[in-house]
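# Structure assessment
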Amino acid sequence: MNPKQTALVLIEFQNDFTSEGGSLHGAVSGVMAQNNMLANTVDTVNQARAQGVTIVHVPISFTPDYRELPSAPYGILKGVVDSQSFRKGTWGAEIVDVLTPAEGDIIVEGKRGLCGFASTNLDFVLRSRGIQHVALAGFLTNCCVESTMRTAYELGYQVITLGDCTATLSPEEQEMAIAKNFPMFSVPMDHKGFLATLQG
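Residues numbered from 1 in each chain as written. Predicted model: local features only at pLDDT ≥ 70, side-chain atom pairs only at ≥ 80, totals over all residues. Heavy atoms only, no water.

### Here's the deal with the nonpolar core
Stated precisely, the cut-off is as follows: Residues belong to one nonpolar core when they are buried, are Ala, Val, Leu, Ile, Met, Phe, Trp, Tyr or Cys, and are joined through side-chain atoms within 4.5 Å. Note on exposure labels: buried denotes an accessible area under 20% of the residue type's maximum, exposed denotes more than 50%, and partly exposed covers the range between, all computed with a 1.4 Å probe on protein chains only. Residue contacts are counted whenever heavy atoms from the two residues lie within 4.5 Å of one another.
One finds Leu 8, Phe 13, Val 56, Leu 126 and Phe 139 to be the most contacted residues of the largest nonpolar core, which totals 61 residues. Beyond its immediate sequence surroundings of up to four residues, Leu 8 is in contact with Thr 44, Val 45, Ala 48, Val 53, Thr 54, Ile 55, Val 56, Ala 135 and Leu 162.

What follows is the structure, given as structure tokens:
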């Protein structure tokens, strides 16, 4: 895999998910601890960046009154509103310190829903850089990561999902997504396998 044609897309590595005191951290902390996902992601980012992989951060954020969403949101986005998560200008919406974007990284703005492509210029960013391979990491495994994975697959990218760099609400959901859904729309790998493919 040519690193220059590869992007590592980091979905919602923000304090509300990643950090003690984050509004949604308690919901994902079990899976995060079980698969060591944050440390694995930091290792992957550092090694991939050094090899010339494009690092793309895709955070989600909303105005304090969530006016970007319907007046009566439901499902996962209702949970975001109810927990007052990812509000612009708050600590919870900031990218976690250990993954602070470095010079040369790209921050894609405008994510308001589940898919990283839907309300952003992510596709333009990737195509303008000649990216063919897209590796995905982040939250939630079976929600935003999976939604982004499906779109990337349909847009013609070669998609890799990094199972040990993702987390969701329970071990059962994590295992089901990786075992049953990821193989339909991506090549599932752990982070070590991905890094070995870059080097090989």
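Right, picking up where we left off after that structure.
### Let's talk about the pairing of strand β4 (residues 133–139)
Worth spelling out the cut-off: Secondary structure counts use DSSP, requiring at least four H or I residues in a row for a helix and at least two E residues in a row for a strand, with both numbered from the N terminus. A pair of strands is considered paired only if DSSP assigns at least 2 bridges between the two.
Across the seven residues that make up β4, a large majority, seven, are buried. Burial along β4 is two-sided: His 133, Ala 135, Ala 137 and Phe 139 and Val 134, Leu 136 and Gly 138, pointing in opposite directions, are all buried. Bridge analysis of strand β1 (residues 6–11) against β4 gives six bridges, and the strand direction is parallel. Paired with Leu 8 across the bridge in β4 is Ala 135. In this sheet, strand β5 (residues 158–167) lies alongside β4 in parallel orientation, the contact comprising six bridges. Across the sheet, residue Leu 136 finds its bridge partner in β5, namely Thr 161.

### Quick look at unusual backbone geometry
Residue Asn 36 is not a glycine yet carries a positive backbone phi of 60 degrees. Take Asn 36: it is sitting in the loop between α2 (25–35) and α3 (37–50). Although it is not a glycine, Phe 86 sits at a positive phi angle of roughly 60 degrees. Along the chain, the position of Phe 86 falls in the loop between α4 (76–82) and β3 (106–107).

### Some remarks on the packing of aromatic side chains
How we decide: To pair, rings of Phe, Tyr and Trp, with the six-membered ring standing in for Trp, must have centres within 6.5 Å; the planes then decide the type, stacked if under 30 degrees apart, edge-to-face if over 60, and tilted in the middle.
According to the stated counting rule, one finds six aromatic pairs in the structure shown. Residues Phe 13 and Phe 139 carry aromatic rings whose centres are separated by 5.4 Å and whose planes lie at 65 degrees to one another, so their mutual orientation is edge-to-face. Of the two residues, Phe 13 is situated in the loop between β1 and α1 (15–18) and Phe 139 in strand β4; the sequence distance between them amounts to 126 residues. When its relative accessible area of 0% is taken as the criterion, Phe 139 is described as buried.

### Topic: the pairing of β5
Cut-off, in case you're wondering: Convention used here: a crossover is right-handed provided that the path from the first strand, over the helix, to the second strand proceeds clockwise when the strands point away from the viewer.
Among the ten residues in β5, nine count as buried, and that is most of the element. As for the winding sense of the linkage, the β-α-β connection from β4 through helix α6 (residues 141–154) to β5 is right-handed. Bridge count for β5 against strand β6 (residues 187–189) is three bridges, and the pairing is parallel. Bridging from a neighbouring strand, Thr 161 pairs with Pro 188 of β6.

### Examining the packing of α6 against helix α7 (residues 171–185)
How we decide: The axes used here are C-alpha line fits, helices contributing only the stretch in contact, and every angle between their N-to-C directions lies in the interval 0 to 180 degrees. Orientation is classified from the angle alone, with under 35 degrees giving roughly parallel, over 145 giving roughly antiparallel, 65 to 115 giving roughly perpendicular, and any other angle giving oblique. Three residue categories are used. Nonpolar comprises Ala, Val, Leu, Ile, Met, Phe, Trp, Tyr, Cys and Pro, charged comprises Asp, Glu, Lys and Arg, and polar comprises the others, including Gly.
As a packed pair, α6 and α7 sit with axes 11 Å apart at the nearest point and diverge in direction by 5 degrees. Taken together, α6 and α7 sit at an angle that is classed as roughly parallel. Contacts from Thr 141, Asn 142, Val 145, Glu 146, Met 149, Arg 150 and Tyr 153 in α6 reach Glu 173, Gln 174, Ala 177, Asn 181, Phe 182, Met 184 and Phe 185 in α7. For the contact of α6 with α7, the per-class residue count stands at seven nonpolar, four polar and three charged.

### Side note on the pattern of salt bridges
Convention followed: Basic side-chain nitrogens of Lys or Arg form a salt bridge, by our definition, when they fall within 4 Å of a carboxyl oxygen of Asp or Glu.
As enumerated under the stated definition, the model contains six salt bridges in all. One salt bridge connects Asp 105 with Arg 49, and the closest N-O pair in it is separated by 2.7 Å. Taken together, the residues span a long stretch of sequence, with Asp 105 in the loop between α4 and β3 and Arg 49 in helix α3 at a distance of 56 residues. Overall, the relative accessible area of 14% leaves Asp 105 in the buried class.

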